[in-house]
Amino acid sequence: MNDSIASDETRGWRAKLFGRMLHGYFVLTRSMTMGVRAACFDSQGRIFLVRHSYVAGWHMPGGGVERHETVEQALTKELREEGNLVISGRPQLFHVYFNNRVSKRDHVVFYRVEVEQTAPRRPDLEIVDSGFFPIDALPQGTTNATYRRLKELEGDAPPSNYW
């Protein structure tokens, strides 16, 4: 009887280990990451852009969606952190993109929002510059992805499935 108890315990331990290894495999092969970005417009119709310390160019603000966080919670958090921005009204979901330039599992949920800035955003280690810009006078170095998203928002191009 003791032998059967020991073998059941061994099988239980092996099953748990196998389950954890299988879970790890699925995380590496099937998991996906999700981020959120927004075209943020002020009351004058200008768009808010940021320049990060770790990647070249001017981008629309955004970031990753964390565990136990909704996409809209992540959106609110990222806009506050990257620009001292508060959303006015309801965010408008525009499209979901596969960002295969970053990895084989990254997706970006893209919104259009009206915002108010509570205070100017001071540069720090992450955001080295930011500001509102007229659509027809974007800063030099604005990324191609930003230009593509703006054309899609304006109806000049259909939404791509790729960021």
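Quantities reported herein were computed from a predicted structural model and do not represent experimental measurements. (Residues numbered from 1 in each chain as written. Predicted model: local features only at pLDDT ≥ 70, side-chain atom pairs only at ≥ 80, totals over all residues. Heavy atoms only, no water.)

## So, the confidence of the model for the protein chain
- Looking at the protein chain, the pLDDT average stands at 88 and 82% of residues meet or exceed 70.
- In the predicted structure, residues 2-8 sits below a pLDDT of 50 and forms zero contacts with residues beyond four places in sequence or in another chain. (pLDDT = per-residue confidence, 0-100. Contact = heavy atoms within 4.5 Å.)

## Regarding helix 2 (residues 71-83)
- Taking 1.5 Å per residue, 13 residues should reach 18 Å; helix 2 reaches 18 Å between its end C-alpha atoms and fits that length.
- Every buried residue belonging to helix 2 is among V71, A74, L75, K77, E78, L79, E82 and G83, and all of these are buried.
- Each element contacted by the buried residues of helix 2 is listed here: strand 1 (33-41), strand 2 (47-52), strand 4 (62-64), strand 5 (85-98), strand 6 (106-117) and strand 7 (127-133).
- Following helix 2 by one or two positions, N84 has its phi on the positive side, about 55 degrees. (Helix = DSSP H or I, 4+ residues; strand = E, 2+ residues; numbered from the N terminus. Expected span 1.5 Å × (residues − 1). Buried < 20%, exposed > 50% of the residue type's maximum accessible area, 1.4 Å probe, protein only.)

## Notes on the nonpolar core
- Membership of the largest hydrophobic core comes to 16 residues, with the highest contact counts inside it found for C40, L79, Y111 and V113.
- Among the secondary structure elements, those contributing two or more residues to this core are strand 1, strand 2, helix 2, strand 6 and strand 7.
- When sequence neighbours within four positions are dropped, the list of residues in contact with Y111 reads V36, R37, A38, A39, V71, E72, L75, P91, Q92, L93 and F94.
- Of all hydrophobic cores here, the second largest spans 14 residues; its members include V108, F133, L138 and A145. (Core = buried A, V, L, I, M, F, W, Y, C linked by side-chain atoms within 4.5 Å.)

## With respect to helix 3 (residues 144-154)
- Looking only at helix 3, the buried set comprises A145, T146, R149, L150 and E152. Taken around the axis of helix 3, the buried residues stretch over an arc of 160 degrees, which confines them to a single face.
- On its buried face, helix 3 sits against strand 1, strand 2, strand 3 (58-59), strand 5 and strand 6.
- Once helix 3 finishes, G155 follows within two positions and takes phi at roughly 85 degrees, a positive value. (Arc of directions from axis to C-beta.)

## Description of unusual backbone geometry
- Of note, the phi angle at H68 is positive, near 65 degrees, even though the residue is not glycine.
- Along the chain, H68 turns up in the loop between strand 4 and helix 2.
- You can call H68 exposed: its relative accessible area is 84%.
- In the Ramachandran plot, N84 falls in the positive-phi region, its phi being about 55 degrees despite a non-glycine side chain.

## So, the packing of aromatic side chains
- For the structure shown, the criterion picks out seven aromatic pairs.
- Aromatic pair Y97 and W163: ring centres 5.2 Å apart, planes at 85 degrees, arrangement edge-to-face. Here W163 lies in the segment after helix 3 and Y97 lies in strand 5, a separation of 66 residues in the sequence.
- By relative accessible area, Y97 is classed as buried at 0%.
- Relative to Y162, the ring of F98 lies with its centre 5.9 Å away and its plane at 55 degrees, an arrangement referred to as tilted. (Phe/Tyr/Trp six-rings, centres within 6.5 Å; stacked < 30°, edge-to-face > 60°.)

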